[in-house]
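Chain by chain, the residues:
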Amino acid sequence: MKKVFVTGCCGYIGSHTCVELLEAGYQIVGLDNFSNSKREVLNKIKQITNKDIIFYEGNMLDKSLLDKIFEENEIVMVIDFAAYKSVGDSVKKPIEYYMNNVSSVLTLLQTMKEHNVKSLIFSSSATVYGNPETVPITEQTKTGGTTNPYGTSKLYVEEILKDLYHSDNSWNICIFRYFNPVGAHQSGLIGEEPNGIPANLMPFIAKVANKELECLNVFGDDYNTKDGTGVRDYIHIVDLAKAHVCGVKKLVKEQSGLFIYNLGTGSGYSVLEMIKAFERVNGVKVPYKVVERRPGDIDECYADCSLAEKELNWKATMNIEDMCKDAYHFIKNNSITNK
Ligand code: UD1
């Protein structure tokens with residue numbers, strides 16, 4: 001039976017994608033080393049879908065493990081989610097970030113080549129656009145100008161994949177540039193579980209609402225935006241996960257090519273709009289104060305997603321209310337489970 005190999009299968013985006021793939025009837029081989037995820041996620045995936053994945057614990061830098069996985073399973077495609085994603089940590093630990101986010105992809109690509117598996121979906125980020133000159137951002141918008149090793153690692157892998165495709169255009173590669181994934185599966189069983197204090201807006205808001213943190217710091221209200229606070233394109237994680245099912249179908253259909261898609265909703269929301277929506281939808285208070293800007297932040301970032309709609313037949317369907325509701329549901333559920 002042909003299988004999709006999902007690296008980082010227990011992480012935030014990986015776990016939601018496994019659920020959607022299983023529900024669409026795909027068989028999955030998963031790999032994770034739990035560096036930023038929990039083993040229980042495997043049971044939660046099973047609880048939601050009533051299906052198993054073939055799981056291997058380990059690191060993507062482990063070539064002998066990758067060889068074993070490819071030998072033991074008939075893999076036809078790989079979706080690579082295995083990466084570190086903290087901007088702040090990446091500045092402090094560039095070697096670890098480049099090793100884990102770039103060298104590991106080279107190990108994976110080498111293994112894929114040796115086993116003649118040439119279809120890959122790679123998780124990239126809107127961060128590759130740096131500080132865009134104009135919004136909405138299309139796939140043609142200039143990339144570069146990343147301001148931290150995390151962002152640069154994504155940019156480097158994109159360049160490596162382009163070089164690879166140009167060297168051998170029998171490769172079949174899809175690069176997804178995610179905007180700001182938020183929310184959680186409607187079951188409340190899986191969601192975003194950052195270690196320590198969240199660096200991103202939505203998990204921070206949810207923890208303040210749940211009284212696990214006291215107050216949200218709004219990083220600056222003097223940006224060139226509708227209300228002065230930063231504007232981003234938030235996308236529900238389940239919509240994002242579903243895009244991967246469309247990506248798999250696209251690669252099966254095309255056989256070869258290099259495809260790049262923005263995945264967002266196409267709408268920008270400010271930090272203050274997010275706070276208000278969260279309060280309204282969940283009937284809670286989110287105390288906040290405006291503080292200094294966070295270095296490296298930009299005014300506005302939102303996507304033009306028309307290419308994904310046209311070529312993948314995919315479009316985000318969930319709105320900001322769904323995102324706020326599901327993010328809070330997960331945090332409440334999870335804090336009870338953790339007590
Ligand atoms: C961040 C990363 C980006 C990464 C993405 C993953 C930075 C500079 N960028 O994007 O590389 O791909 O996460 O999801 O870290 N905000 C607050 N208070 C907070 C947290 C955030 O006001 O406590 C504001 C930010 O200034 C920004 C917005 O909320 O305007 C969204 O921030 P965040 O969730 O961290 O995402 P990005 O900065 O867009």
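Residue numbers restart at each chain and count upward from 1, following the sequence in its written direction. Local features in this predicted model are restricted to residues of pLDDT 70 or higher, and side-chain atom pairs are both shown and tallied only at a pLDDT of 80 or more, whereas totals for entire chains, interfaces and linings draw on every residue. Side-chain numbers come from the whole structure's heavy atoms, not from hydrogens or water.

**Student:** For this particular structure, what's the right way to read the packing of helix H1 (residues 12–23) against helix H8 (residues 237–254)?
**Tutor:** The description of two helices packed together rests on the angle between their axes and the distance between the axes. Fitted lines through C-alpha atoms serve as axes, helices being fitted only where they are in contact, and the angles separating the N-to-C directions of these axes extend from 0 to 180 degrees. The secondary structure listing takes helices from DSSP runs of H or I that are at least 4 residues long and strands from runs of E that are at least 2 residues long, numbered from the N terminus. Remark: H1 packs on H8, axes separated minimally by 8 Å, with the N-to-C direction vectors making an angle of 60°. Classified by the angle their axes make, H1 and H8 are oblique. The interaxial crossing formed by H1 with H8 has right-handed handedness. Contact residues: Tyr12, Ile13, His16, Thr17, Glu20 and Leu21 in H1; Ile237, Val238, Leu240, Ala241, Lys242, His244, Val245 and Val248 in H8. Classification used: nonpolar for Ala, Val, Leu, Ile, Met, Phe, Trp, Tyr, Cys and Pro, charged for Asp, Glu, Lys and Arg, polar for all others including Gly. Partitioning the contact of H1 with H8 into residue classes produces nine nonpolar, three polar and two charged. These descriptions rest on fixed angle ranges, namely under 35 degrees for roughly parallel, over 145 for roughly antiparallel, 65 to 115 for roughly perpendicular, and the rest for oblique. Less than a right angle of anticlockwise turn of the near helix away from the far helix marks a crossing as left-handed, whereas a clockwise turn marks it as right-handed. Any two residues whose heavy atoms approach within 4.5 Å at even a single point are treated as in contact.

**Student:** Explain the state of the cysteines to me, please; I cannot follow it from the model alone.
**Tutor:** As used in these notes, a disulfide is a covalent bond between sulfur atoms, one from each of two cysteines. Two cysteine sulfur atoms make up a disulfide if the distance between them is within 2.5 Å. Throughout the structure, instances matching the rule amount to zero disulfides. Sulfur of Cys9: no disulfide; nearest cysteine sulfur belongs to Cys10 and is 4.0 Å away. Think of it in three bands: with a 1.4 Å probe and only protein chains considered, a residue is buried below 20% of the maximum accessible area for its type, exposed above 50%, and partly exposed in between. According to the relative accessible area criterion, Cys9 is buried, its value standing at 0%. You can call Cys10 buried: its relative accessible area is 4%.

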